[in-house]
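Okay, here's what each chain looks like letter by letter:
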Amino acid sequence: MTAPRPAGIPVTVRAPAKVNVQLAVGGLRPDGFHDLANVFLAVSLHDTVTASPCDTLEITCTGPGAAQVPLDDTNLAVRAARLLAARHGRAPGVRLHIDKDIPVAGGMAGGSADAAAALLACDTLWGTATPRAELLKLCAELGSDVPFALAGGVALGRGRGELLTALEVTGTFHWVFALADGGLSTPAVYRECDRLREAAGTGFTADEVPAPEPDPELLAALREGDAGALAGALANDLQPAALSLRPALAATLDAGRAAGALAGLVSGSGPSCAFLTADAASALAVAEALEKSGTCRAARTATGPVPGAAAVDGTVG
């Protein structure tokens, strides 16, 4: 059993990025959301959040892309601290520092990772001892991807993606992420998905589009640790919309596949592209080829699955 943490000592928590190995999108619901069958896999790109004692709520950020991170109440880490404080009826006095390594606005849930890390860091700093199930509920209030950033591993997300079921997985998968210049608005990508479906005559509302379901072959590939089978099952219903809004991503996908990736797809709502490779050496070769291709700003390698948000110094169980 972990000993109580001395009061006033800063807490640093790191949380992972994600890739959606399957993103099945249902029709538009009356509330403006879409039901999802979203198979998340956490990968070894992390942001870290340090929570330190402070009389007020302050936030700073460093790392690649830090200039694009808002330092006000629109920041999910700030919202997480305020939500946890309100839950326990206390003042949200904390200094949050985000050290970015997850690409900003890349479709890899960096903001959600910051929110999950901030929740865990503040809960430890303040000694509020929030039960895990309650933390997951608070995560869901903050955003659809935040619960998975706390949970990590591999999971199926239902509802808006926030209702998680852990999935069985064997081994490690090797990934390359091609980073694009600029971001893509997630709401805009969903709107484009609806528009394309309506234009195709297939319907776009929840009454017209079949309920999304996970692919049994993809789930079997994860269970068996079969990268080749997983490559054949990767799917993202938002990819046509992302390509419609950012046609240049097609050249990135072609370059990664030509370089030897087993498969590639747009990561979530984009604009990063994710490539599954056979092993670490292949990942390095694909990343090098992508950077030389001129079709992306940079390429990063990663492995997964990895655990969810956890304290760097081991003070959070």
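The following paragraphs examine the structure supplied in this document. Because the structure is a prediction, the values reported are computed rather than measured. (Residues numbered from 1 in each chain as written. Predicted model: local features only at pLDDT ≥ 70, side-chain atom pairs only at ≥ 80, totals over all residues. Heavy atoms only, no water.)

## Here we look at the nonpolar core
Reasoning step 1: Ranked by size, the top nonpolar core spans 74 residues in total, and within it L96, W175, F177 and L230 carry the most contacts.
Reasoning step 2: The leading source of residues in this core is helix 2 (residues 110–126), at 11 residues.
Reasoning step 3: When sequence neighbours within four positions are dropped, the list of residues in contact with F177 reads V19, V43, L45, M108, C273, A274, A298, A299, R300 and A302.
Reasoning step 4: Ranked by size, the runner-up nonpolar core spans 26 residues in total, among them L23, C193, A261 and C273. (Core = buried A, V, L, I, M, F, W, Y, C linked by side-chain atoms within 4.5 Å. Buried < 20%, exposed > 50% of the residue type's maximum accessible area, 1.4 Å probe, protein only. Helix = DSSP H or I, 4+ residues; strand = E, 2+ residues; numbered from the N terminus. Contact = heavy atoms within 4.5 Å.)

## Remarks on the pairing of strand 7 (residues 173–179)
Reasoning step 1: Of all seven residues in strand 7, seven are buried, a share of seventy percent or more.
Reasoning step 2: Across the two faces of strand 7 the burial is the same, with F173, W175, F177 and L179 and H174, V176 and A178 all buried.
Reasoning step 3: As paired elements, strand 7 and strand 11 (residues 298–304) share seven bridges and run antiparallel to each other. For A178, the partnering residue across the bridge sits in strand 11 and is A299.
Reasoning step 4: Where strand 7 and strand 10 (residues 273–277) come together, five bridges link them in antiparallel fashion. Across the sheet, W175 pairs through a bridge with L276, a residue of strand 10. (Pairing = 2+ DSSP bridges.)

## Let's talk about the sheet that holds strand 11
Reasoning step 1: Strand order in the open sheet made by the four strands is 9-10-7-11, with antiparallel pairing throughout. One side of each edge strand has no neighbouring strand; the edge strands of this open sheet are strand 9 (263–266) and strand 11. Here the strands of the sheet are splayed against their neighbours by 25° on average, with no regard to which way each runs.
Reasoning step 2: Together, strand 7, strand 9 and strand 10 form the strand contacts of helix 9 (residues 249–258), whose direction differs from that of strand 10 by roughly 10°. (Axes fitted to C-alpha atoms, helices over the stretch in contact; angles between N-to-C directions.)

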